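Listed below are the residues making up each chain.
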Amino acid sequence: MITRFVKAGIRAVAVALLIAMPAVLLPGYAADAAQITALLALVAALLTFVEYVGDYPSILEFRDAPPFNRLRFLALFATVLVLTLICRGESYPTAVSQMLTAFGGKVGGWLDFPFSPVRLMVLLATDDMSAQDVERIRTHAGLAYVISLLSMLAFVLVVRLLSWPVRNGAFNFWVNLPLFDPTIGKDVLYRLNRDGNVNVALGFLLPFLIPAIMKLAAQTINLVSLTEPQTLIWTMSAWAFLPASLVMRGVALMRIAALIEQKRKRAYAEAEAEVQTI
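About the criteria used
- All residue numbers refer to positions counted from 1 along the written sequence of the respective chain.
- Only residues with pLDDT of at least 70 get local features here, since the model is predicted, and only at 80 or more are side-chain atom pairs given and counted; chain-wide, interface and lining totals rely on the full set of residues.
- Side-chain numbers here rest on the full set of heavy atoms in the structure, without hydrogens or water.
- Classification of ring pairs uses Phe, Tyr and Trp, with its six-membered ring standing for Trp, and accepts pairs whose centres are within 6.5 Å; under 30 degrees between planes counts as stacked, over 60 as edge-to-face, and the remaining range as tilted.
- Only DSSP runs of H or I with at least four residues qualify as helices, and only runs of E with at least two residues qualify as strands; both kinds are numbered from the N terminus onward.
- Classification of residues uses two cut-offs on accessible area relative to the type maximum, computed with a 1.4 Å probe and protein chains only: under 20% is buried, over 50% is exposed, and between them is partly exposed.
- By definition, a salt bridge exists where a carboxyl oxygen of Asp or Glu is found within 4 Å of a side-chain nitrogen of Lys or Arg.
- Note on definitions: angles span 0 to 180 degrees between N-to-C directions of axes, and those axes are lines fitted to C-alpha atoms, for helices only across the stretch in contact.
- In what follows, roughly perpendicular refers to angles from 65 to 115 degrees, roughly parallel to angles under 35, roughly antiparallel to angles over 145, and oblique to any angle outside these ranges.
- In this scheme the crossing of two helices becomes right-handed for a clockwise turn of the near helix relative to the far one and left-handed for an anticlockwise turn of less than a right angle.
- Should any heavy atoms of two residues lie within 4.5 Å, those residues are counted as being in contact.
- In this classification, Asp, Glu, Lys and Arg are treated as charged, Ala, Val, Leu, Ile, Met, Phe, Trp, Tyr, Cys and Pro as nonpolar, and every other residue, Gly included, as polar.
- What makes a nonpolar core is a set of buried Ala, Val, Leu, Ile, Met, Phe, Trp, Tyr and Cys residues whose side-chain atoms join them at distances within 4.5 Å.

K.L.:
Hey, could you run me through the packing of aromatic side chains in this one?
P.N.:
Describing an aromatic ring pair means giving the distance of the ring centres and the angle of the ring planes. Under the defined criterion, the tally for this structure stands at ten aromatic pairs. Aromatic pair Phe 73 and Phe 77: ring centres 5.7 Å apart, planes at 35°, arrangement tilted. In this pair, Phe 73 and Phe 77 both sit in helix α3 (residues 68-89), four residues apart, roughly one turn of the helix. Between Phe 155 and Trp 164, the aromatic rings sit 5.2 Å apart at their centres with planes inclined by 70°, giving edge-to-face as the arrangement. As far as burial versus exposure is concerned, Phe 155 and Trp 164 are alike and both buried. Through pairs of rings, three or more aromatic residues link up here, namely Phe 62, Phe 68, Phe 155, Trp 164 and Phe 171.

So, in structure tokens, the structure goes:
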């Protein structure tokens, strides 16, 4: 019980740090905005603590199937941290911020080719933005997209090479997929594969669709706000993280479907062998 409390507390603190990071590290943050950020961090930390300290699941998927959620969190944390350090470096330059800015500029330039997701994000720049603002968008988009690609690649390698999620024991379907009811609808294999394919497809399409939707909604969304560091950081982080998270979820669901299919085949083979021996 004590170990569970400690682990849940560590996760809660990590989530709070993630949400508060841009507000803490970036200069010139208003007091009212800081209070709102602190409230959001506290609520997120409390929800995380309650989710992991309980015996029964609520809404969080793959709670007991590491490193699925750990990889997703590390990807988002790394994205927010890197982008925040770059923005902070514009006011308080350091060797780390200068290195990240230079690397991000190269990555953004490599990925800024016609019809690429990074190019679509760069096209969100308005006429009111300066060349420096456009370059900042390119740098942030390139780094965020690379981190999301690396997180997806890491999870695929974990699935293929480390036999996720059965390497450390049996997979508890109910605990790890609390919102998925296997008793309703069509066969569970069909539903898992269908949901997995839909998630993967959406994950690959969203980096292209999100900039298009933002451009269409430009009359409602003030795209000039992308020049504000925190807005830029969270916009780029969400744009890169949500598709990567969907792809990882889709791969996980299809992996679970494959394990269930293998178990069924073994059960059918054992039943047939028993019939033949009678």
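K.L.:
Just to check I follow, could you spell out the pattern of salt bridges for this structure?
P.N.:
In a structure, side chains of opposite charge can pair up when their charged atoms sit close to one another. Applying the stated criterion to the full structure yields ten salt bridges. Its salt-bridge partner being Asp 112, residue Arg 138 comes within 2.7 Å of it at the nearest N-O pair. Remark: Asp 112 occurs in the loop between α4 (95-111) and α5 (117-122) and Arg 138 occurs in helix α6 (residues 131-161); sequence separation between them is 26 residues. You'll find Arg 138 and Asp 112 in the same group, each marked buried. Linking Arg 194 and Asp 195 is a salt bridge whose minimum nitrogen-to-oxygen distance equals 3.2 Å. Under the relative-accessibility criterion, Arg 194 is labelled partly exposed at 38%. What you see here is one network of salt bridges that share partners, running through Asp 112, Arg 119, Glu 135 and Arg 138.

K.L.:
Sorry if this is basic, but what is going on with the packing of α3 against helix α9 (residues 229-277) here?
P.N.:
For any two helices packed against each other, one specifies the inter-axial angle together with the distance between the axes. The geometry of α3 relative to α9 is characterised by a closest axis approach of 10 Å and an angle of 160° between their N-to-C directions. Comparing their axes, α9 and α3 come out roughly antiparallel. Relative to α9, α3 is oriented so that their crossing is right-handed. Across from Phe 68, Leu 71, Arg 72, Leu 76, Thr 79, Val 80, Leu 83, Thr 84 and Cys 87 in α3, the residues of α9 making contact are Pro 229, Ile 233, Trp 234, Met 236, Ser 237, Phe 241, Ser 245, Met 248, Arg 249 and Ala 252.

K.L.:
What exactly am I supposed to notice about the packing of helix α8 (residues 188-216) against α9 here?
P.N.:
Running from N to C, α8 and α9 cross one another at 165°; their axes reach a closest spacing of 8 Å. With respect to their mutual orientation, α8 and α9 come out roughly antiparallel. Taken as a pair, α8 and α9 cross one another with a handedness that is left-handed. Taken together, the residues of the contact of α8 with α9 break down into 21 nonpolar, seven polar and four charged.

K.L.:
Whenever I open this one, the nonpolar core confuses me. Can you help?
P.N.:
One broad rule of soluble globular proteins: the nonpolar side chains tend to lie buried together. Grouped together as the largest cluster of nonpolar side chains are 33 residues, with contacts concentrated most on Ile 137, Met 236 and Trp 239. Contributing elements (two or more residues each) for this core: α1 (2-25), α3, α5, α6, α8 and α9. For this core, the leading source of residues is α3, giving seven residues. Other than its neighbours up to four places away in sequence, Ile 137 contacts Met 121, Val 122, Ala 125, Met 129, Leu 226, Leu 232 and Met 236. In this structure, Phe 68, Phe 171, Ala 244 and Val 251 belong to the second largest nonpolar core, which totals 26 residues.

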